[in-house]
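The lines below spell out each chain.
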Amino acid sequence: MGTARIPEALLDRLRTEHRFLITSHRNPDGDAVGTSVGLARLLRRLGKATRVWLRDEVPALYRPAITGEKVLTGERPPDGFPEAFDACIVLECPALDRTGLDEVLGDLPLINIDHHLGNGLYGEVNWVDSAAPAVGEMALQLAEALGIELDEAAATPLFLALVTDTGGFRFANATARAFSAGAELVREGARPERVSQWLYESRPLPTVRLIGEALRTLELHAGGRVATVVVTTEMYRRCDADSQDTEGLIDYPRSIAGVEAVSLVRELPDGTAKVSLRSRGAVDVEKLARRHGGGGHKNAAGFLLERDVESARRQVAAELGELVGDA
């Protein structure tokens, strides 16, 4: 992986233009939420007008980080769109269709900021740095390059982005660069204790019940090197939960000794399956996700399968078994 310097064209756009729409991918994770809000607040400190628009609701786990921020969700564009904006900043999306808003976002000039492998470079300006531990770390670089002073309101969501994408500084992307960014964000006002409480000590009761239901479906494959769990719509009903309550669930089977790759297979309302993948070390699950039209990172990726959850589990378990055997 290589480090990509900030393009001068990007810095010029952020300095000279004044009205920015900020978005990220569907089913937003901590990096998507934290960076969207953190960058919006940074640009406001530069005197810019910003608005965050996400296709899907912010998971309850991350909502404390956006307190006081008006995040628009759904398919309806913000008032005045597109004339009210000079450009749209798209975060953490290797392809524009990952936003779920691609049919309308093309009406604006696009600024593409990402750290995924295989980014399609679809923006008028593109900054893709595959060595970045999180897009939140890239936003910190932008603040430094533009001379923006951070405060707690901007630094804390960026710290959330960094913590979640590095798995609490446990994944392979927890590099010296990640720790350096974390230290800088704390110096600038980020509150690690608050982020830890949001992520690890504030789970809603339906989330905990769903974790229990899902772990009953746990299966090991490939001699214990692969683990799979499933979540069905019936399980959501019994637990009074929804898809947002699966955030972080995959980390439980991943914590089993000897497991090198994990899949969480969730049933969608139409009966098809959404597959989330995690792995350790040399096991590259992004390759498997890309084979099925998805994407992600080497150790964290996902895709959709037009199968029921059990047949999807069997297929993915077999493919992951081949993957760990090749690693």
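As shown above, the structure is provided for reference.
Below or above, wherever it landed, is the structure these notes cover. None of these values were measured; they are calculated from a predicted model. (Residues numbered from 1 in each chain as written. Predicted model: local features only at pLDDT ≥ 70, side-chain atom pairs only at ≥ 80, totals over all residues. Heavy atoms only, no water.)

What about empty space enclosed by the protein?
In the structure shown here, the tally under the stated rule is one cavity of 30 Å³ or more. By volume, the largest cavity amounts to about 60 Å³. Surrounding the largest cavity, Ala-60, Leu-61, Arg-203, Pro-204, Thr-207, Gln-244, Asp-245 and Glu-247 form its lining. When grouped by side-chain class, the residues that make up the lining of the largest cavity number three nonpolar, two polar and three charged. (1 Å grid on protein atoms, 1.4 Å probe; cavity = no way out; pocket = protein on both sides within 12 Å on 5 of 7 lines; lining within 4 Å. Points joined across faces, edges and corners; volume = space filled by probe spheres on them. Nonpolar A, V, L, I, M, F, W, Y, C, P; charged D, E, K, R; others polar.)

Focus: the sheet that holds strand β10 (residues 273-279)
An order of β7-β8-β9-β10-β12-β11 is seen for the six strands of this open sheet, with the pairing classed as mixed. Looking at strand neighbours, the two that pair on one side only are β7 (219-221) and β11 (295-297), the edges of this open sheet. If you compare each strand with its neighbour and ignore which way they point, the axes differ by 20° on average. Both β11 and strand β12 (residues 300-305) contribute to a ladder of three bridges, which runs antiparallel. (Pairing = 2+ DSSP bridges. Helix = DSSP H or I, 4+ residues; strand = E, 2+ residues; numbered from the N terminus. Axes fitted to C-alpha atoms, helices over the stretch in contact; angles between N-to-C directions.)

Quick word on the environment of Arg-170
Mapped onto the elements, Arg-170 comes out in the loop between α5 (152-165) and α6 (176-187). Note on Arg-170: relative accessible area 53%, which makes it exposed. Separated by 36 residues in sequence, Arg-170 and Pro-206 have C-alpha atoms that sit 26 Å apart. (Buried < 20%, exposed > 50% of the residue type's maximum accessible area, 1.4 Å probe, protein only.)

Some words on α5
For the α-helix, the turn length of 3.6 residues means that residues three or four positions removed from each other point alike. Between its terminal C-alpha atoms α5 stretches 20 Å, which fits the 20 Å expected from 14 residues at 1.5 Å a residue. Of all the positions in α5, only Ala-154, Ala-155, Thr-156, Pro-157, Leu-158, Phe-159, Leu-160, Ala-161, Leu-162, Val-163 and Asp-165 are classed as buried. In this structure, the buried side of α5 is in contact with α2 (30-45), α4 (135-146), α6, α7 (192-200) and β11. Backbone geometry just after α5 places Gly-167 at a positive phi near 60°. (Expected span 1.5 Å × (residues − 1). Contact = heavy atoms within 4.5 Å.)

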